[in-house]
Amino acid sequence: MSQFNFVSDLQNALIMDGETRGPAPRWKKKLEASLNGSVNTTRSVLSVSYNTSFSGVQAPTKTPGKSSEGKTKKSNTTPSKTPGGGDRFIPNRAATNFELAHFLVNKDSGDKSDEENDKATSSNSNESNVQASAHKGDRQKLISEVAQVGDSKGGRILCYQNKAPAAPETHNNPLKVVYSIKTPISTKSGSRYIPTTSERILDAPDFINDYYLNLMDWSADNIVAVALGSCVYLWNAQTGNIEQLTEFEEGDYAGSLSWIQEGQILAIGNSTGAVELWDCSKVKRLRVMDGHSARVGSLAWNSFLVSSGSRDGTIVHHDVRAREHKLSTLSGHTQEVCGLKWSTDFKYLASGGNDNLVNVWSAASGGVGTATDPLHKFNDHQAAVRALAWCPWQPSTLASGGGTADRCIKFWNVNNGTLMKSVDSKSQVCSLLFSRHYKELISAHGFANNQLTIWKYPTMVKQADLTGHTSRVLQMAMSPDGSTVISAGADETLRLWNCFAPDPLASKKAVSTSKGKQSVFRQSIR
Amino acid sequence: MSTAQATKNCITLKGSAQIIVEYLKYGINSILFQRGIYPAEDFNNTQQYGLTILMSKDPKIKTFLQNVLSQTEEWLSKNMINKISMVITNAHTKEVLECWDFNMQAELGDGDISDPTKATTTKELSRIQNEIRDVMRQISATVSYLPLLDCICTFDIMIHTLQNTELPAKWDETGAIVIQNPQAVQLRSFSTGLHKVDTVVNYKMST
């Protein structure tokens, strides 16, 4: 048979108008030789080798990538294994059929050489032509049998006549949102520098380590009120001045402190169940409002209304202007109310209790107080709920954090009362705050790390852990400019964290754009 | 019925077919939802395999699946199916965009193997369901790498049967489908002891 090879090589070399080719590669020669070989011994060896090489490959464990759909048409190129989109593809070695893949890669060139071979033989003898074509058919049959390629497989493909309906024309794939995000969130996260150590540490001796009390607040006038033991102190964050506001009698203490939205009025809920109002500019008590039979552990202001939550399980709305201050009593909790927050738009009041409930109360239609039956009762937490925060940019989003047995931060849509997200924070959640500058929130935790954690919202990707407290962090408050967070720990320290400082570049940009807008505005007025 | 067999801790071919058809029902519905083929409003929550799975409540889709799967179950219990393909096509151009292959492989089971039609297995139902749950989880996770189906789509189910299968009423024979520039990802497999089911998704690579 070598003379045929020689002839075909010679012919190839003599073709002047075709593309010039070097001598055929070794594999081609080999293939040609094996195909050309009408000698029976080589044939049988060949078929045996095919059988053995493919015998380990059962039809059902075909390579997924080279399944019947793809390969009937696509044979000139192998499908690329790595997706161009940058997605990770982890090849499954067990599922990869190397023999079949090799066959498919070489199939095209094999066919070509067959044709060449035919040409060469036809010019020489009819007999060998017949042999070669017979061999070719044989071989193809063999291969298709082994590989069960496409339609040559002995089976039927059946489908039901009444097809499923197409999606409605107006349908828009909801996943589009997922794909339209330009930069992956994972690369964006942590792009901001967050100092992880506290900027300043204040001593807070005798700070009561009680999960159910709210003993610190930061006013719009930049004054931090904090209760230490039986005293209430005011720390002016601007000047650093410390002033003692009041001292309770032996055995009594402040259970909660809350500043009015604007101004210097501080509400103090005390251990006897009364709510005191103090004018801090004059250091003078304005009035005392009773209404509870047990200590007041939580307070929330809504303009002239102050809502107080008590150990007796009730929430009372006090109108601070009226002589009859007690507007209504809400009895949705059976145990101590330790979390109380009005929503940023003041349409809802959220309360959390030791009975593991989060209640959401909608504002009364009259505009004062709330309805006496809760709008929503969320019982998904497995522990007392103290940490409550309303999202400033989504007024209907409430975040709540559970105690040691629960450790979850849950997000609620109060419009429809659904749980939107739940994240296991792996530690007791004592306090939650949303940032005003970033789409982030900060949570205060207890055992094991006593850290503050900054999360990206809504992805809830951890941004940073602020560590420093040596005992659980009980309370957090945000500075009026929203850049600094103060945390009060059971280790009797107050720590200031400059974790939400506005990005200087972003603020510059905002300034420049606002300037640009202004000029356009002026022009339009003229 | 499958639960009754589970208490006996013995699954017959028929029970195995039932388990697989149940998986197909939930799997296909999950794909329809996860891939955003039909509007999300058309789906209901159901609890299955310890997961929340969204099932289509469109009566047409429900009857279609009911019809197809009941026939599938019959064939499966006779071991006549090689593969079940769920094909997602562009409703307008009819181009095939995605194809979910459920490859079926008969297994001998661990019972009496003298008569292959009466094969049984003692694999626990809870174990099978755990395996199925893992696959179902993977199906939901495919959203992260499968390309967006940004067109009005429809789907079809093709049953790859043996050559000697009789064509039932209302069924047609069809040709193989072709995906341009295909990529394939094999998900986990599960086995009932009598059938091993591989789930493979073939999809069209953009560009």
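Residues numbered from 1 in each chain as written. Chains lettered and ligands numbered in written order. Predicted model: local features only at pLDDT ≥ 70, side-chain atom pairs only at ≥ 80, totals over all residues. Heavy atoms only, no water.

Defined as follows: UniProt positions are given in the numbering used here, feature names are shortened, and annotations may be inferred rather than shown by experiment.
For chain B, the name recorded in an unreviewed UniProt entry is Mitotic spindle assembly checkpoint protein MAD2A, with Drosophila melanogaster as its organism. In UniProt, chain B has this text filed under Sequence similarities (unreviewed entry): "Belongs to the MAD2 family." Here chain B is described in UniProt, under the heading Subcellular location (unreviewed entry), as follows: "Nucleus".

As annotated in an unreviewed UniProt entry, chain A is Cell division cycle protein 20 homolog from Drosophila melanogaster. According to its UniProt record, chain A has this under Pathway (unreviewed entry): "Protein modification; protein ubiquitination." Checking UniProt for chain A, the heading Sequence similarities (unreviewed entry) contains the comment "Belongs to the WD repeat CDC20/Fizzy family."

### A word on the overall build of chain B
Operational definition: Only DSSP runs of H or I with at least four residues qualify as helices, and only runs of E with at least two residues qualify as strands; both kinds are numbered from the N terminus onward. Under the scheme applied here, a residue whose accessible area is under 20% of the maximum for its type counts as buried, over 50% as exposed, and between as partly exposed, the area being computed with a 1.4 Å probe on protein chains only. What makes two residues a contact is simply this: any of their non-hydrogen atoms within 4.5 Å. Per-residue and other accessible areas were derived by the Shrake-Rupley procedure at a 1.4 Å probe size, with only the shown protein chains allowed to occlude residues.
Of the regular secondary structure elements, chain B holds four helices and ten strands. Each helix (α) and strand (β) of chain B, taken in turn from the N terminus, gives the series α-β-α-β-β-α-β-β-β-α-β-β-β-β. The buried share of chain B, reckoned over its 207 residues, is 54%. The contacts of chain B with a sequence gap of at least 6 include a subset with a gap of at least 24, amounting to 70%. For chain B, the exposed surface amounts to about 8700 Å²; the carbon and sulfur share of it is 50%.

### Some thoughts on helix H4 (residues 125-141) of chain B
Residues and elements named next belong to chain B. Applied cut-off: The length a helix should cover is 1.5 Å for every residue beyond the first. Here, the arc refers to the directions that run from the helix axis to the C-beta atoms.
Its 17 residues place the ends of H4 24 Å apart at the C-alpha level, agreeing with the 24 Å of an ideal helix rising 1.5 Å per residue. Among all positions of H4, only Leu125, Ile128, Glu131, Ile132, Val135, Met136 and Ile139 are buried. Along the axis of H4, the buried residues cluster in a sector spanning 145 degrees; they form a single face.

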